[in-house]
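# Observations on the model geometry
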Amino acid sequence: MFCQSCGREIAEPATVCPNCGAPVRGIAPPGTSSWKPVEHASGAWYLLPLFFGIIGGTIAWAVNRDKDPGRARNLLIFGVLWTVIPTVLIALAVFFYYAPAPRAPVP
Ligand SMILES: [Zn+2]
C-alpha cells in the first residue's frame, strides 16, 4: 500500500509511514484521518514578545495561530506576561515608595 500523505510505498504491517511519519490510513485510530504534517513555529518568534511585549506577542500569535496554535498561544501568553509582570512590579514599587510610612507604635 501507499502512504496517503507522501505517496511512498509502505510495508503492510506499518502503522505509521517510515518516510513522513503520517499514520497509515485504515490502521490508524479514528480521529487521526485529518492528520497533517506538524509544522512547529520557530522558537525565534519569542524574540517578538521579548522586545515588543504584548504587541509583539499578538503579532506572533496572529502569524502562527493557524500553523501552530499551541506555540501561538504560548507566544501570546509570553507577550502578555512579559508586559504585565514588569508593569505590576513597577506599580508596586511606586505604591510602596509613595505609601505613608507606618506610624511608630505609641508606648
Ligand atoms: Zn508518508
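Residues numbered from 1 in each chain as written. Predicted model: local features only at pLDDT ≥ 70, side-chain atom pairs only at ≥ 80, totals over all residues.

The next point concerns helix α1 (residues 47–64). Taking 1.5 Å per residue as the helical rise, α1 with its 18 residues ought to reach 26 Å, whereas the 14 Å between its terminal C-alpha atoms falls clearly short. A bend of about 150° at glycine 53 is the largest found in α1. When we look at burial in α1, the residues that qualify are Leu48, Pro49, Gly56, Gly57, Ala60, Trp61 and Asn64. Of the surrounding secondary structure, the elements contacted by the buried residues of α1 are α2 (69–98). (Helix = DSSP H or I, 4+ residues; strand = E, 2+ residues; numbered from the N terminus. Expected span 1.5 Å × (residues − 1). Bend = angle between axes of the 7 residues up to and from the residue. Buried ≥ 20, exposed ≤ 12 C-beta atoms within 10 Å, placed from the backbone. Contact = placed C-beta atoms within 7 Å.)

With respect to the helices and strands, proline 49 occurs in helix α1. Proline 49 gets classed as buried once you count the C-beta atoms within 10 Å, which come to 26. Sequence spacing of proline 49 and valine 80 is 31 residues, and the spatial spacing of their C-alpha atoms is 8.1 Å. Not counting residues within four places of it along the chain, the set of residues in contact with proline 49 comprises Gly56, Gly57, Ala60, Leu75, Phe78, Gly79 and Trp82.

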